[in-house]
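The chain contents come next:
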Amino acid sequence: MTEDSLVQVRLSKLRGLAERGIDPYPPRAGNVRPIGQVVERFSSLKPEEESGERVAVAGRLVALRQMGKASFLDLRDGTGHVQIHASIDALGEQRYADLRDCDIGDFLRVEGDVFRTKRGELTVATAEWTLLAKALRPLPEKWNGLKDVELRYRHRSLDLVASESVRTTFVRRSRMISAIRRRLDQLGFLEVETPIMQPIAGGATARPFVTHHNTLDVDLYLRVAPELYLKRLVIGGLERVYELGKNFRNEGVSFEHNPEFTTLEIYEAYSDYEGMMSLVEELVAEGAREAVGSLAVAYQGNLIDLAPPWRRVSLEEAVEEESGIKVRGARADEIQSGAARKGVDLPPLSRGKLVEHLFESLVEPRLIQPTIVKDYPIDISPLAKRKRGVDGIVERFELFIAGMEIANAFTELNDPLDQRARFEGQEAMRQTGDDEAQRLDEDFLFALEHGMPPTGGIGVGIDRLAMLLTDSRSIRDVILFPTLRTKK
C-alpha cells in the first residue's frame, strides 16, 4: 500500500472511534511511570516470576505481534522500552479487538502487573489500556535510521523515532552543555543574556542578517557575537560572565558551518589568554566526561586524547613548520616570494591575512589532536591586546581539534584609544568593499573609556564540540533543526 492509502485507512479508524464516542486525543495520560524506571525497578525478576505489583506506563507503540487470543506489544518512551502482554481473557472481546486495531506509531497508556516471561522478557500484563494519540501517518518501515539526508534534517521527529544513535547524539550534546554550565557556575561565573537584535553587528568579522523594527523605523542586525555587550558587563563590575546562546552569520553552509549556531562566550576580569587556555582545557574535558564518559574520544577514524595539558604553538611557527615558508619577521611581499618559490600561489592580501591563508590551507586540516595555536597578526585580530615586545602580534589563540576550529580567545583590548583606531581601520576596510569588516561601535567605546580591567575572553563553538563528542561528520547532525532551503 502507498503511504496515502495507509493514511486513508488510519483516518477511517479515526472516524470509527469518534462514532463510538472514543476520544483519540484525550487531554491527559493520568499517572504513569517512565518506562526506564520500571525496567530498573524490576530488573531482578527471574524468568516466569511475577512481581505482584501494578504499574502504569505510557509510550509509542513500536511493535505488535498478534497470536489469536493473546498479543504482545512493545511500548517505547524517552527512557526505554518494555513489552506489553494483552489477552482477550483479561480485557474482554471488544477492548482486546480495539487494542489489536491500534497502529504502529500510536501512543498508549497501559496498566497492569509486571512479570518476566519464560524467555526472560520484562512484561506488563495489560489490565487496562487507553489510546492517548492516534498516529495518522506510518512510521519509517526500517528501524535502522533514515537514509534520505534531506528527510532526516527536514523531519527531525522521524529521524529521532527511527534511529537510536540520533537520539543518543542529542542526549550527549545536552549532557555536555549541562556539564560545562555546571562547572562555570562552580567557578563563580554568572550566566547572562544579551540582545539578539543589535543596532550594530559587532564583536566578530562576519556578514550579518538584517531586519527592520517598524515602530522605531530602524534596521537591526541579528547578532554575529555577544562580545561587545559582555565586555560592557565586565566594565560594569560583573567580572566573571558567560552566555550560551545563538549567533547568526549570513554566510555559506558547509559540514562545519550553519547560519544559526550556538556559542559559549566567557569573560573573566584579571585573567588573560593564558588563563583562557587553562579554562577551555578544563571545560572541554568536563564536557567529554559527562557526554562520553572518557577523555579518549573516537572521531572519524582517529582516537583523540582530550586529557590536558594540550600542545601550544605560535601561529607563525606552525606555518613555518608545515610549509617551510619563512613568515616570522617577514613582510607581505617576502611571504609572497617565499610561497612562490615553494610553488604556492597566494592571493594579494595583507601580511596577516597571508599568514592566515597559509595556516588554513596547509596546517589546520592536520591538527587532529588538541592544539592551541597562539599569537596572531594584529590586522586579523581587531579586538585583542598587543603582545609586549613583539611587533604586529596580539595575544590571541584558537583551539583546533580534529582539523576544526573549536574556540577563539583573546587577552581583551582595554585601551580605548587603541580600540578606536582599530575600529576606524576596520571601517576603512568596509569602504574598500569588505562587508565582513567590523563596525565602529560608539556605545561600546563610551563604556570602554570608563575603564575595563585586564580581561581574558573566549568563544567556544558548541556545535563543533558536539560533533567531536558524537563522532558526527556534519554540523547538521548535531543541530536539531538546521537551516535548509525552503521546500517547494
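This text goes with the structure placed above it.
Throughout what follows, the structure given in this document is the object of discussion. (Residues numbered from 1 in each chain as written. Predicted model: local features only at pLDDT ≥ 70, side-chain atom pairs only at ≥ 80, totals over all residues. Heavy atoms only, no water.)

Counting its secondary structure elements, the chain contains 15 helices and 18 strands. Principal-axis analysis of the C-alpha atoms gives the chain an extent of 90 × 55 × 50 Å. Buried residues in the chain amount to 47% of all 488 residues. Pairs at least 24 apart in sequence give 65% of the contacts found in the chain among residues at least 6 apart. (Helix = DSSP H or I, 4+ residues; strand = E, 2+ residues; numbered from the N terminus. Buried < 20%, exposed > 50% of the residue type's maximum accessible area, 1.4 Å probe, protein only. Contact = heavy atoms within 4.5 Å.)

For the rest of this paragraph, the subject is empty space enclosed by the protein. Per the counting criterion, the structure on display carries one cavity of 30 Å³ or more. Estimates place the volume of the largest cavity at around 40 Å³. The wall of the largest cavity is formed by Ile-180, Leu-264, Val-280, Leu-283, Val-284, Val-460 and Leu-465. If one sorts the elements of the lining of the largest cavity by residue count, helix H9 (residues 273-291) sits on top with three residues. Each residue belonging to the lining of the largest cavity can be placed in one class, and the counts come to seven nonpolar, no polar and no charged. (1 Å grid on protein atoms, 1.4 Å probe; cavity = no way out; pocket = protein on both sides within 12 Å on 5 of 7 lines; lining within 4 Å. Points joined across faces, edges and corners; volume = space filled by probe spheres on them. Nonpolar A, V, L, I, M, F, W, Y, C, P; charged D, E, K, R; others polar.)

Side chains Val-297 and Tyr-299 project from strand S12 (residues 296-299) onto a buried face, and the interleaved Ala-296 and Ala-298 project onto a face without burial. Bridge count between S12 and strand S13 (residues 302-305): four bridges; the pairing is antiparallel. The residue of S13 that forms the bridge with Tyr-299 is Asn-302. Here S12 folds back onto S13 in antiparallel fashion, the turn holding two residues, of which Gln-300 has a positive phi close to 50 degrees. (Pairing = 2+ DSSP bridges.)

What follows is about the packing of aromatic side chains. Two numbers describe a pair of aromatic rings. These are the distance of the centres and the angle of the planes. Counted by the stated rule, this structure contains two aromatic pairs. Ring geometry for Phe-423 and Phe-444: centres 6.4 Å apart, planes at 75 degrees, overall edge-to-face. Here Phe-423 is found in helix H13 (residues 416-431), whereas its partner Phe-444 is found in helix H14 (residues 442-448), with 21 residues between them in sequence. Note on accessibility: Phe-423 and Phe-444 belong to one class, buried. (Phe/Tyr/Trp six-rings, centres within 6.5 Å; stacked < 30°, edge-to-face > 60°.)

The subject of this paragraph is the sheet that holds strand S2 (residues 70-77). One closed barrel holds the five strands; their spatial order is S1-S2-S3-S5-S4, and the pairing between them is mixed. Direction aside, the axes of adjacent strands within the sheet are offset by 50 degrees on average. As paired elements, strand S1 (residues 50-67) and strand S4 (residues 107-116) share eight bridges and run antiparallel to each other. Bridge assignment links Val-57 to a residue of S4, and that residue is Val-110. (Axes fitted to C-alpha atoms, helices over the stretch in contact; angles between N-to-C directions.)

What follows is about helix H7 (residues 164-186). Helix length check: H7, at 23 residues, gives a terminal C-alpha distance of 33 Å against a target of 33 Å (1.5 Å per residue), a fit within 8%. Listed in full, the buried residues belonging to H7 are Val-166, Thr-169, Phe-170, Arg-173, Met-176, Ile-177, Ala-179, Ile-180 and Leu-184. The inward-facing, buried residues of H7 abut helix H5 (149-154), helix H6 (156-162), strand S10 (240-248), strand S11 (260-269), H9 and helix H15 (462-470). Just past H7, the residue Gly-188 takes up positive phi, approximately 90 degrees. (Expected span 1.5 Å × (residues − 1).)

Grouped together as the largest cluster of nonpolar side chains are 45 residues, with contacts concentrated most on Leu-264 and Leu-306. Setting aside residues up to four positions removed in sequence, Leu-306 forms contacts with Val-284, Ala-285, Ala-288, Leu-295, Val-297, Pro-370, Ile-401, Leu-468 and Leu-469. (Core = buried A, V, L, I, M, F, W, Y, C linked by side-chain atoms within 4.5 Å.)

Once that is clear, we can look at the pattern of salt bridges. Applying the stated criterion to the full structure yields 42 salt bridges. Here Glu-320 and Arg-328 are joined by a salt bridge, their closest N and O atoms 2.6 Å apart. For Arg-396, the salt bridge identified is with Glu-398, shortest N-O distance 3.4 Å. Residue Arg-396 is classed as buried on the basis of its relative accessible area of 7%. Since its relative accessible area comes to 8%, Glu-398 is described here as buried. Members of the salt-bridge network, linked through shared partners, are Arg-10, Lys-13, Asp-101, Asp-103, Asp-106 and Lys-134. (Salt bridge = Lys/Arg side-chain N within 4 Å of Asp/Glu carboxyl O.)

Further remarks concern the sheet that holds strand S14 (residues 311-314). Reading across from one edge, S6-S10-S11-S18-S17-S16-S15-S14 is the order of the eight strands in this open sheet, with mixed pairing throughout. Pairing within the sheet leaves two strands with one partner each, and these edge strands are strand S6 (190-191) and S14. Together, S10, S11, strand S16 (393-401), strand S17 (404-411) and strand S18 (455-461) form the strand contacts of H15, whose direction differs from that of S18 by roughly 55 degrees.

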